[in-house]
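Fold and geometry: a report
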Amino acid sequence: MGDFSAAQLVAMLIHRLCTRNSSQIGNAREREQFSLEAAMPETPLDSTVLQADQPSSLEAATTETPLDSTVLQADQHSSLEAAMPETPLDLSFNKQIRPLLDTIDELRRLNIQNIGIQIPSIVVIGDQSSGKSSVLESLARVKLPKGMKMCTRMPLVLQMKDHPSPNLEMELVFGKERWPVSEDSVEEEVKKISIQNAGNGISNKEINLIIRRKDMQNLTLIDLPGITRVPLYGQPQDIKEQICELINKYIKQEDSIILNVLPASVDFSTCESIQMSRKVDESGKRTLAVVTKVDLRPEELDLEMTIRENHVKIGLGYVCVRNRLAEETHEVARKKEMHLFGSPPLSTIDRSMVGIPMLERRLLQIQERQIRECLPRIASEIQDKLYDSTIDSNKLPLLQEKKAKSIFDDLLKEMINSLEMLLVRSEFQEYPHEKDLHGTTCVQKEINSTKAAAADASQDQASQSQAAAAAALQKEFEQLKETQGPWLPCPLPRNAFITLLHERVKDVAKSPEKFMEDVWKHVQKVVEQVIDDKFKSYEVAKNKVKKAANNVLMKKKDLLSQQMSKIVEMEQHTDYTCNPHYLNKQEELKKMQELKDRLQNALEVKNGPIDKEMLDQAFELHIKLASYWRIVVMGMVDVSTMHVLMSIKQLIYRELKSGIEEEVLVKDKQDLENMMSEPTEMAEKREKLQERIGRLKRAKELVASVQLLPGPST
């Protein structure tokens, strides 16, 4: 039995049995201690095994330390605990996380990130040659691209899955293609894809490597290119910037965990990867550090770890590992790692901070917590995106099996109905916020403006200023003198009245035309906008309909212009009304002595004393014009308004539809099929929306299926 007494061996056996029982009944504190369970299978504690174990573990523990009972017990506890198998709790935890991780992997495959939904991930970063690829190789237990040159040129999504079959299964997925690979070929396959897509530079396209092996931890990690400081031969000069941009794209996401690989041989604070992670994770709450190459300077590691923790914030802590050398098997590498951390000076490092198995356990726990925390947010964002995409899809015109004419007729009918609501019925629910399309409201504003201008123009003498009244009276008096001749005097020369009336009408002759022009601008704008909206999916048809509608509008406008001119002409050459206001106003004005006195004073200031007959005629002419003029002006407003409103109704109910049909269905009948075919852009948009909706629906189902899963037992 070598240097061990029988009593010591019995104590060791009892300790091992007690430790195992403690693990199986669920002692949480014991389970949190580092054990490297998966690295070593359980073996019988016979004398042969003890003799074999002594040189690798117990003997190593006594090399520089006296073999007193206290030290021996401590060393035995760490080495024997490290040899324990995986506990039932770990196996259960690994199985429980599989549905969660499968869901996230499937969401990544659905590429919902491109829709704006971020999914949780563990992103592996590090400076070039930091041992990053070797760490992943140790976790996956397969060969991955590594060497002196920059190996990773594209994001490598490493999906490790527990599998009932004892045989290793590997599969590469890139784009829409997937194919099986072997452990011997995977390195070359990944390199081949990288060279084809990234050349000597960097590509943001992801390569997915799926590894299935019995008793493998269920993990998904994203390996990113190592940060290089100086471009190698043939690489672009901005290679560092390309790499940093790609890394930042992944690590800036709040739901990403940063697995920062740091070599023990350098000052952590000088590492580019640390500087990058600190920019996006200042507190370090999302960062876990993996320290590699610890076997190069083991005597300094523990002291430096303590110093560095005070300067570099790593919220999720450190895990020190020993990577496999090229000639070593994974089993040998794990045994050597266990020996390294079980021997001075590294045996003083806390057991929860060393070894690949402990790194696996930490990543499993972090990954499970991260996914569960993100699922409610992902479910909410999926629902929001699905709602928005469905609304966008519903806004597209329905794909119909009808013939082109039937589609055209339906759209034309919708267009006329919208115009009727906007220009006739004052119903604006289709365009609640587009105030300039509320046709009847705009027309009424123009009517009000015209009425206000007419009211100003029709003010009677009593309402005018003294200067304006004097000017008007003088003009009327001058006209009276022009009508005098060698004939019997008459109460009031009619031609004087007609002449003055003609001049007044001439002053407002442009008002009806201007009113019609302003209203028609609104009508034309509404018509064009509605055509744009209804025929937006049929560009050729839309342009032809707009052209036809514009022709109808121009013809109608020309006709209205003629009607406005007739209104003015009628008022210039006729003087008739049955409106009682005319006679009533005359009687009212005749009783106003003050008005007559103002009339006389105004005339005498300009012309000197005038006789009574001339004064009476001037007064009668004034009150007759004043009484009739308001009727003329308001009549012009009324008649022009009625013509415009009637023209709008004729346009909507008859002329616009028939004019468009004549232009499009008769003259361009042969081109109708081409006009009503869906544009390529619209078809592509429809296809993209349908594809997005399909992905979102699938994503919604996936998330719903795992949201109610219970968490791991504690």
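Fair warning: this is a prediction, and the values are worked out from it, not measured in the lab. Residue numbers run consecutively from 1 along every chain, following the written order of its sequence. Since the coordinates come from a predicted model, pLDDT governs what is reported: local features require at least 70, and pairs of side-chain atoms require 80 or more to be given and counted, while whole-chain, interface and lining totals use all residues. Values shown for side chains rest on all heavy atoms present in the structure; no hydrogens or waters enter the calculation.

A separate point is the sheet that holds strand 9 (residues 318–320). Strand pairing is assigned whenever DSSP detects at least two bridges linking the two strands. Each helix is a run of H or I in the DSSP string that is no shorter than four residues. Each strand is a run of E no shorter than two, and both are numbered from the N terminus. Read across the sheet, nine strands follow the order 4-3-5-2-6-1-7-8-9 without closing on themselves; strand pairing throughout is mixed. Strands with a single pairing partner mark the edges of an open sheet, and in this sheet they are strand 4 (177–181) and strand 9. Each adjacent strand pair in this sheet contributes to an overall mean axis angle of 25°, direction not counted. Bridge count between strand 7 (residues 256–263) and strand 8 (residues 287–292): six bridges; the pairing is parallel. Bridge pairing in strand 8 places leucine 259 opposite leucine 288. In what follows, a contact means two residues having at least one pair of non-hydrogen atoms within 4.5 Å. Orientation is described by axes fitted as lines to C-alpha atoms, over the contacting stretch for helices, and by angles from 0 to 180 degrees between their N-to-C directions. On top of the sheet, helix 6 (residues 132–140) reaches strand 1 (121–126), strand 2 (156–162), strand 5 (207–213), strand 6 (219–223), strand 7 and strand 8; it is set at about 160° to strand 6, its chief contact. Sheet strands touched by helix 12 (residues 356–395): strand 1, strand 6, strand 7, strand 8 and strand 9. Its angle to strand 6, the strand with the most contacts, is close to 95°.

On to the packing of helix 13 (residues 404–423) against helix 17 (residues 511–534). A pair of packed helices is characterised by two quantities: the angle between their axes and the separation of those axes. Their axes nearest at 10 Å, the elements helix 13 and helix 17 cross at an angle of 145°. Considering only the axes of helix 13 and helix 17, their crossing is right-handed. Facing helix 13, whose interface residues are Leu411, Glu414, Met415, Ser418, Leu419, Leu422 and Leu423, helix 17 presents Val523, Val526, Val527, Val530, Ile531 and Lys534. Under the scheme applied, nonpolar residues are Ala, Val, Leu, Ile, Met, Phe, Trp, Tyr, Cys and Pro; charged residues are Asp, Glu, Lys and Arg; polar residues are all the others, including Gly. Of the residues contributing to the contact of helix 13 with helix 17, the split by class is 10 nonpolar, one polar and two charged. Less than a right angle of anticlockwise turn of the near helix away from the far helix marks a crossing as left-handed, whereas a clockwise turn marks it as right-handed.

In this section: the pairing of strand 8. When a residue's accessible area, from a 1.4 Å probe over protein chains only, is under 20% of the maximum for its type it is buried; when over 50% it is exposed; and in between it is partly exposed. Judged by how many residues are buried, strand 8 sits mostly within the fold: six of six residues are covered. Residue alternation in strand 8 divides its side chains into two sets, Thr287, Ala289 and Val291 and Leu288, Val290 and Thr292, and both sets are buried. Orienting the strands away from the viewer, one traces the path from the first strand over the helix to the second; a clockwise path indicates a right-handed crossover. Assessed by its sense of winding, the connection that carries the chain from strand 7 through helix 9 (residues 272–280) to strand 8 is right-handed. Bridging between strand 8 and strand 9 involves three bridges; their strand directions are parallel. Bridged to valine 290 within strand 9 is valine 319.

The next point concerns the layout of surface pockets. Both cavities and pockets are sets of points on a 1 Å grid over the protein atoms alone; in a cavity a 1.4 Å probe fits but cannot get out, in a pocket the set is open with protein on both sides within 12 Å along at least five of seven lines, and lining residues sit with an atom within 4 Å of a point. Grid points are joined across faces, edges and corners, and a volume is the space filled by probe spheres set on the points. Its volume calculated, the largest pocket comes out at about 1,100 Å³. Around the largest pocket, the lining comprises 32 residues; the ones closest to its centre are Arg108, Arg109, Asn111, Glu206 and Asn208. When contributions to the lining of the largest pocket are tallied by element, the ones reaching two or more residues are helix 5 (88–109), strand 2, strand 3 (169–174), strand 4, strand 5, helix 8 (239–251) and helix 23 (680–707). A per-element tally of the lining of the largest pocket places helix 5 first, with five residues.

Here a Phe, Tyr or Trp ring, Trp counted by its six-membered ring, pairs with any other such ring whose centre lies within 6.5 Å, and the pair is stacked when the planes are under 30 degrees apart, edge-to-face when over 60, and tilted otherwise. By the definition in use, this model includes three aromatic pairs. Note on phenylalanine 268 and tyrosine 318: the rings are 5.9 Å apart at their centroids and 25° apart in plane angle, and the pair reads as stacked. Here the residue phenylalanine 268 occupies a position in the loop between strand 7 and helix 9, and tyrosine 318 occupies one in strand 9, the gap between them amounting to 50 residues. Each member of the pair, phenylalanine 268 as well as tyrosine 318, carries the same accessibility label: buried. Geometrically, the ring pair formed by phenylalanine 497 and tyrosine 628 is tilted, given 6.1 Å between the ring centres and 50° between the ring planes.

Across the five residues that make up strand 6, a large majority, five, are buried. Residues of strand 6 alternate between two faces, with Leu219, Leu221 and Asp223 on one and Thr220 and Ile222 on the opposite face, all of them buried. When strand 1 meets strand 6, the two strands line up parallel, connected through three bridges. By the bridge assignment, valine 123 is partnered in strand 6 with isoleucine 222. With five bridges connecting them, strand 2 and strand 6 associate as antiparallel partners. Opposite glutamine 159, over in strand 6, you have threonine 220 as the bridge partner.

A residue's pLDDT is the confidence the predictor assigns to it, expressed on a 0 to 100 scale. Averaged over all residues, the pLDDT of the protein is 78; the fraction at 70 or higher stands at 75%. The secondary structure element of the protein with the lowest average pLDDT is helix 3 (residues 47–61), at 34, and the one with the highest is strand 1, at 94. Across residues 1–89, where pLDDT falls below 50, the model places 106 contacts with residues more than four positions away in sequence or in other chains.

Moving on, we come to the nonpolar core. Residues enter a nonpolar core if they are buried and are Ala, Val, Leu, Ile, Met, Phe, Trp, Tyr or Cys, with the set joined through side-chain atoms within 4.5 Å. Ranked by size, the top nonpolar core spans 64 residues in total, and within it Phe408, Met415, Leu656 and Ile660 carry the most contacts. Elements supplying a minimum of two residues to this core: helix 13, helix 14 (439–457), helix 16 (494–507), helix 17, helix 18 (539–573), helix 21 (612–667) and helix 22 (672–675). Broken down by element, this core gets its largest block of residues, 17 residues, from helix 21. In terms of nonpolar packing, the next biggest core, distinct from the first, is built from 40 residues, Ile97, Ala140, Leu219 and Val290 among them.

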